[in-house]
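# Fold and geometry: a report
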Amino acid sequence: METLFIGTNLMEFDCLASTNDFLLDLTREHQLPEGTVVITKNQQAGRGQQGNSWYTEANKNLTFSLLLYPKKLAIAKQFMISKLVSVAICEWLDSQGIKAQIKWPNDILVNEKKLAGILIENNLHTNGIRQSVVGIGLNVNQKTFPESLSFATSMTLLTNRNFDIKKALADLCGFIEKWYLRYSKDEILNNGYQQKLFALEQWRNYEDKQGVFLGKLIGTDTFGRIQIEDEMGGVRTYSFKEVVFRT
Ligand code: BTN
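Just so you know, these numbers come straight off a predicted model, no measurement behind them.

What counts, and at which threshold
- Residues numbered from 1 in each chain as written.
- Predicted model: local features only at pLDDT ≥ 70, side-chain atom pairs only at ≥ 80, totals over all residues.
- Heavy atoms only, no water.
- Helix = DSSP H or I, 4+ residues; strand = E, 2+ residues; numbered from the N terminus.
- Rg over C-alpha atoms; globule rule 2.2 N^0.38 Å.
- Buried < 20%, exposed > 50% of the residue type's maximum accessible area, 1.4 Å probe, protein only.
- Contact = heavy atoms within 4.5 Å.
- Areas by Shrake-Rupley, 256 points an atom, 1.4 Å probe, with all protein chains shown as cover.
- Near = heavy atom within 4 Å.
- Polar contact = N/O pair within 3.5 Å; in protein donor to acceptor, adjacent residues only side chain to side chain.
- Nonpolar A, V, L, I, M, F, W, Y, C, P; charged D, E, K, R; others polar.
- Salt bridge = Lys/Arg side-chain N within 4 Å of Asp/Glu carboxyl O.
- Phe/Tyr/Trp six-rings, centres within 6.5 Å; stacked < 30°, edge-to-face > 60°.
- Lys NZ or Arg CZ within 6 Å of the ring centre and 35° of its normal.

What follows covers the overall build of the chain. In terms of regular secondary structure, the chain is built from five helices and 14 strands. Against the 2.2 N^0.38 benchmark of 18 Å for 247 residues, the chain shows a C-alpha radius of gyration of 18 Å, consistent with a compact globule. For the chain, the spread of C-alpha atoms along the principal axes amounts to about 55 × 45 × 30 Å. The buried share of the chain, reckoned over its 247 residues, is 50%. The contacts in the chain between residues at least 6 apart in sequence include a share of 63% that link residues at least 24 apart. Carbon and sulfur atoms provide 48% of the accessible area of the chain, an area that totals close to 12200 Å².

Laid out in structure tokens, this is it:
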């Protein structure tokens, strides 16, 4: 690793249920250095957002979790972690010739298919974020997906190349570290995130608790809320789970 701290304490396992769960359990008993990375070749019970599971073929993909102590980040701005990780992944993919987009809040898409997912689990205390466990699942060399995952893609399907997983991890850690060290510069990060946003400035169907409506995504704020212009010209602001894309 050519990083200052991300991934320098690297814990590698042939098989784990979930790297997030393993790292979370470990942090309950040990004070681990910031930047600790837990990676497995074969994750058997990966967790996704909103109680979903994360399926991955053994030995083909990146499944890892990273420990951060974002001491200076206010709780209200915890979405900045998601932003910086999403932007870092996209920038690294760009360096590999893959133009990815971020589907709010933090799915990584290429041609409307999902290439990577992020599961961030923060542990808060009264005035800040005690720790953040950032779980990343990225489809690298997997060539086929079960029918239920027809919306998934991989780096190899997109490029016809085979990637070295360990090198991918090292490079990606470098990009994450770069963005982590500058996350306090809200504006750069917000711009970086905005530029990669899937469906930005496009009229699409969305659904909130009142029903389906036509809207145009115009951006996100530092609290991670999405801003959608409606047909009346009004701007609607939503937090996680308050609105979904509809096709
Ligand atoms: C999602 O898109 O729903 C998020 C998927 C996150 C998957 C990763 S794989 C490594 C880490 N360990 C887990 O159990 N989940 C995350």
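More follows now that the structure is in view.
A few words on the site of the ligand. Residues in close proximity to the ligand total 20 residues, the closest being S18, T19, R47, Q49 and K114. Here S18 contributes a side-chain N or O atom positioned 2.7 Å from an oxygen atom of the ligand. Contacts to the ligand include Q49, whose backbone N or O atom sits 2.7 Å from an oxygen atom. With the chains in place, 98% of the 420 Å² that the ligand exposes on its own is no longer accessible. In terms of residue count, strand 8 (residues 113–125) provides more of the shell around the ligand than any other element does, four residues in total. Residues of the shell around the ligand, tallied by class, amount to five nonpolar, twelve polar and three charged.

To continue, consider the side chain of D221. Along the chain, D221 falls in the loop between strand 11 (211–220) and strand 12 (226–230). Polar contacts involving the side chain of D221 include one to the side chain of R225, which spans 2.8 Å. For D221, the contacting residues outside a window of four places in its chain are K83, Q227 and T237.

Right, let's talk about unusual backbone geometry for a bit. The omega angle of the peptide bond from W104 to P105 is 5°, so this bond is cis rather than trans. Topologically, P105 is positioned in the loop between strand 6 (101–103) and strand 7 (107–110). Non-glycine residue N111 carries a positive phi angle of around 50°. Within the secondary structure, N111 is located in the loop between strand 7 and strand 8.

Scanning the model with the defined rule gives 16 salt bridges in all. One salt bridge in this structure joins D14 and K41, with 3.4 Å as the shortest N-O distance. You can see D14 sitting in strand 1 (residues 10–16) and its partner K41 sitting in strand 2 (residues 37–43), a full 27 residues away along the chain. K99 is the partner of D94 in a salt bridge, and the nearest nitrogen-oxygen pair spans 2.5 Å. Through salt bridges with shared partners, a single ionic network connects D21, R47 and E121.

Take the packing of aromatic side chains next. Inspection of every chain in the model, using the stated rule, returns nine aromatic pairs. When the ring of F198 is compared with that of F245, the centres are 5.8 Å apart and the planes differ by 55°; the resulting orientation is tilted. Of this pair, F198 sits in the loop between helix 5 (186–196) and strand 10 (203–208) while F245 sits in strand 14 (residues 244–246); the two residues are 47 residues apart in sequence, bridging distant segments of the chain. Per residue, the accessibility class of F198 equals that of F245, and both read buried. Positioned above the aromatic ring of F213, the side-chain terminus of R236 is 3.9 Å from the ring centre.

What follows covers the side chain of Q96. Structurally, Q96 is set in the loop between helix 2 (79–95) and strand 6. Look at Q96 and you get buried, because its relative accessible area is 17%. Within the local environment of Q96, its side chain forms a polar contact with the side chain of S95, the two groups lying 3.3 Å apart. In this structure, Q96 is in contact with M155, T159, R161, F163 and D171, ignoring residues within four places of it in sequence.

Note that every value here comes from positions in space, so none of it alone points to a role or purpose.
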